[in-house]
Amino acid sequence: MKFADLHLHTNFSDGTFTPEELVVQAQKNGLVCIALTDHDTVEGCARTAAACAPVKIEFIPGTELTAEHDDTEVHLLGYFLDTQNSVLLEEIGRFQAVRKQRIYEMVSRINELGVPLEVEKVFELANCQSPGRPHVARALVKAKLVRNLDDAFERFLKKGRPAWVPKSKMSARQGVDLIHQAGGLAVMAHPGLNRTDEIIPALVDAGLDGIECYHSKHSSTLTARYLEFAEKFNLLVTGGSDCHGFSKIRPLIGSVRLPYERVELLKTKVAALKQSTLNGRA
Ligand code: AMP
Ligand code: FE
Ligand code: FE
Ligand code: ZN
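Parameters and conventions
- Residues numbered from 1 in each chain as written.
- Chains lettered and ligands numbered in written order.
- Predicted model: local features only at pLDDT ≥ 70, side-chain atom pairs only at ≥ 80, totals over all residues.
- Heavy atoms only, no water.
- Donors = N, O, S within 2.8 Å, 3.2 Å for Na, K, Ca; no water.
- Tetrahedral: all angles 85-135°; square planar, octahedral: opposite > 155°, others 65-115°.
- Helix = DSSP H or I, 4+ residues; strand = E, 2+ residues; numbered from the N terminus.
- Buried < 20%, exposed > 50% of the residue type's maximum accessible area, 1.4 Å probe, protein only.
- Salt bridge = Lys/Arg side-chain N within 4 Å of Asp/Glu carboxyl O.

Could you clarify how one ought to interpret the coordination of the zinc ion (ligand 4) in this entry?
When four donors bind a metal tetrahedrally, each ideal donor-metal-donor angle is 109.5 degrees, and when six bind octahedrally, the ideal angles are 90 or 180 degrees. The zinc ion (ligand 4) binds to the protein through His 7 (NE2), His 9 (NE2), Glu 64 (OE) and Asp 242 (OD); the donor distances cover 2.1 to 2.3 Å. Here the zinc ion (ligand 4) is ringed by four donor atoms whose angles at the metal span 77 to 168°, and the overall shape comes out irregular. Counting along the primary sequence, the residues that act as donors to the zinc ion (ligand 4) give the motif H-x1-H-x54-E-x177-D. A distance of 4.6 Å spans the gap from the zinc ion (ligand 4) to the iron ion (ligand 2). Taken as a pair, His 9 in the loop between strand 1 (3-5) and helix 1 (19-28) and Asp 242 in the loop between strand 8 (236-240) and strand 9 (258-259) lie far apart in primary sequence, 233 residues in all. Each member of the pair, His 9 together with Asp 242, is buried.

Sorry, what's going on with the pattern of salt bridges here?
Any two side chains of opposite charge can pair if their charged atoms end up close together. Here the structure, examined in full by the defined rule, presents twelve salt bridges. A salt bridge links Arg 94 to Glu 91, with the nearest nitrogen and oxygen atoms 2.7 Å apart. Residue Arg 94 and its partner Glu 91 are located together in helix 3 (residues 86-112), separated by three residues, close to a single helical turn. In this structure, Glu 154 engages Arg 161 in a salt bridge whose closest nitrogen and oxygen atoms are separated by 3.1 Å. Given a relative accessible area of 38%, Glu 154 falls into the partly exposed group. A single salt-bridge network, built from bridges that share partners, covers Arg 147, Asp 151 and Arg 155.

Bear in mind that shape data such as this cannot, by itself, settle questions of function.
The structure is reproduced here in structure tokens:
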């Protein structure tokens, strides 16, 4: 059997592995195909593709967008993206700017609570265009201002905690459209994490292509539940570990192994979409 992992992060967003380190891990775990889905960026794709080529691992360029529908947050995975697509780059660039601004706001709130975290330390540690809460958490740990990452999220960064700053989000429909116009497939990420079942029909209506049934935080009951949703709404099935490197004790890569046949079905759909775009233009 051949297996893939279609949900992975590097240090181009909030993962800790470089693209090259990620590919070494993919190899160790015997994966034949990986997708990079860094938050709001496709910057790591070129290096990941380059590292995959010599070791014969198939690479799918992707991203993970934060969107919302009816005030419900939903993460959208985009696969087979044209990473040079100018509309995509412009749009994610805006979200990267928002992310940076949000770091200033989070740190200033932490400072107001009497915790002397320096914002420069967060940017230094993040060293990427798409910084987020995990970078603030790691900087707090590094400066010995909290005990560990969980402590940072519990005290400051979790939704509803004093330094939690909401992100401005695109609508789910905008997210799906953005992915489609860049030649990609739009997939609902980890539906079991936020239990957002009631918005699935609206996402399908917006053009959703697939749903991430297999995820490191899905129990087998949840996986079965979303496989049923996939069947009901005729959605493609994806899966991935959502590995963020060593942010957890053990990297999650390898914990979710998607049978490669699922990837073939994705590729069939992208090819069909490409063909219909070409026919539309003719
Ligand atoms: P952001 O996109 O800046 O809101 O950060 C979201 C990221 O933070 C997620 O992708 C996870 O990697 C991480 N995260 C969210 N909640 C927690 C938590 N309670 N503990 C550790 N990491 C978390
Ligand atoms: Fe993340
Ligand atoms: Fe996510
Ligand atoms: Zn993710």
